[in-house]
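Coordinates in review
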Amino acid sequence: MADEKKETTEKSAAAPQKKQATGKPKNCVFCNKALRRKSWYYRNSKYYCRKKCWQEECKKLEKAAEK
């Protein structure tokens, strides 16, 4: 029995680890809605569900910069 446990731990340690995908995220950065294939909007290295979300985040960042 001890040999079986050693074999399973060796197999799990030797198994290749999955790399995390660095592609398009599944949700909008601003409102956290799911991104659809046809309507996603990409600006400043971020993905948004629509242009309005991008504009609202820009306004939010400007107000934070003023303070």
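Residues numbered from 1 in each chain as written. Predicted model: local features only at pLDDT ≥ 70, side-chain atom pairs only at ≥ 80, totals over all residues. Heavy atoms only, no water.

For the rest of this paragraph, the subject is the overall build of the protein. A tally of regular secondary structure across the protein gives 2 helices and 2 strands. Secondary structure elements of the protein occur, N-terminal to C-terminal, as α-β-β-α. Each of the 67 residues in the protein was classed as buried or not, and the buried ones make up 13%. Put simply, 10% of the contacts in the protein that link residues at least 6 apart link residues at least 24 apart. As displayed, the protein offers around 6,600 Å² of accessible surface, 50% of which is attributable to carbon and sulfur atoms. (Helix = DSSP H or I, 4+ residues; strand = E, 2+ residues; numbered from the N terminus. Buried < 20%, exposed > 50% of the residue type's maximum accessible area, 1.4 Å probe, protein only. Contact = heavy atoms within 4.5 Å. Areas by Shrake-Rupley, 256 points an atom, 1.4 Å probe, with all protein chains shown as cover.)

This part is about the confidence of the model for the protein. For the protein, the average pLDDT comes to 78, and 67% of its residues sit at 70 or higher. Within the protein, helix α1 (residues 2-14) has the poorest average pLDDT of any element, 57, and helix α2 (residues 51-66) the best, 93. (pLDDT = per-residue confidence, 0-100.)

What follows deals with a positive patch on the surface. On the surface, Lys33, Arg36, Arg50, Lys52, Lys59, Lys63 and Lys67 cluster together into a patch of positive charge. Within the secondary structure, Arg50 is located in the loop between β2 (46-48) and α2. What makes Arg50 partly exposed here is its relative accessible area of 37%. (Patch = residues over 30% accessible without salt bridge, like charges linked within 9 Å, V, L, I, M, F, W, Y side chains within 5 Å. Salt bridge = Lys/Arg side-chain N within 4 Å of Asp/Glu carboxyl O. Lys, Arg positive; Asp, Glu negative; His and termini not counted. Charge placed at Lys NZ, Arg CZ, Asp CG, Glu CD.)

Our focus in this paragraph is the packing of aromatic side chains. One pass over the full model with this rule turns up 3 aromatic pairs. Relative to Tyr47, the ring of Trp40 has its centre 5.2 Å away and its plane inclined at 65 degrees; by these criteria the two rings are edge-to-face. Aromatic side chains Tyr41 and Trp54 sit 5.8 Å apart centroid to centroid with 50 degrees between the ring planes, which places their arrangement in the tilted category. Placement of the pair is Tyr41 in strand β1 (residues 41-43) and Trp54 in helix α2, with a sequence separation of 13 residues. Aromatic rings pair up to connect Trp40, Tyr42 and Tyr47 into one cluster. Looking at Arg43, its charged tip hangs above the ring of Trp54, at a distance of 5.8 Å from the centre. (Phe/Tyr/Trp six-rings, centres within 6.5 Å; stacked < 30°, edge-to-face > 60°. Lys NZ or Arg CZ within 6 Å of the ring centre and 35° of its normal.)

In this fold, Glu57 is placed in helix α2. The contacts of Glu57, once residues within four sequence positions are left out, are Val29, Phe30, Lys46 and Tyr48.

At Asn32, a position not held by glycine, the phi torsion is positive, near 65 degrees. Turning to its location among the elements, Asn32 is positioned in the loop between α1 and β1. A residue is classified by how much of its surface remains accessible, and Asn32, at 54% relative accessible area, is exposed. The phi torsion at Asn44 lies on the positive side, around 50 degrees, for a residue other than glycine. The class for Asn44 is exposed, based on a relative accessible area of 58%.

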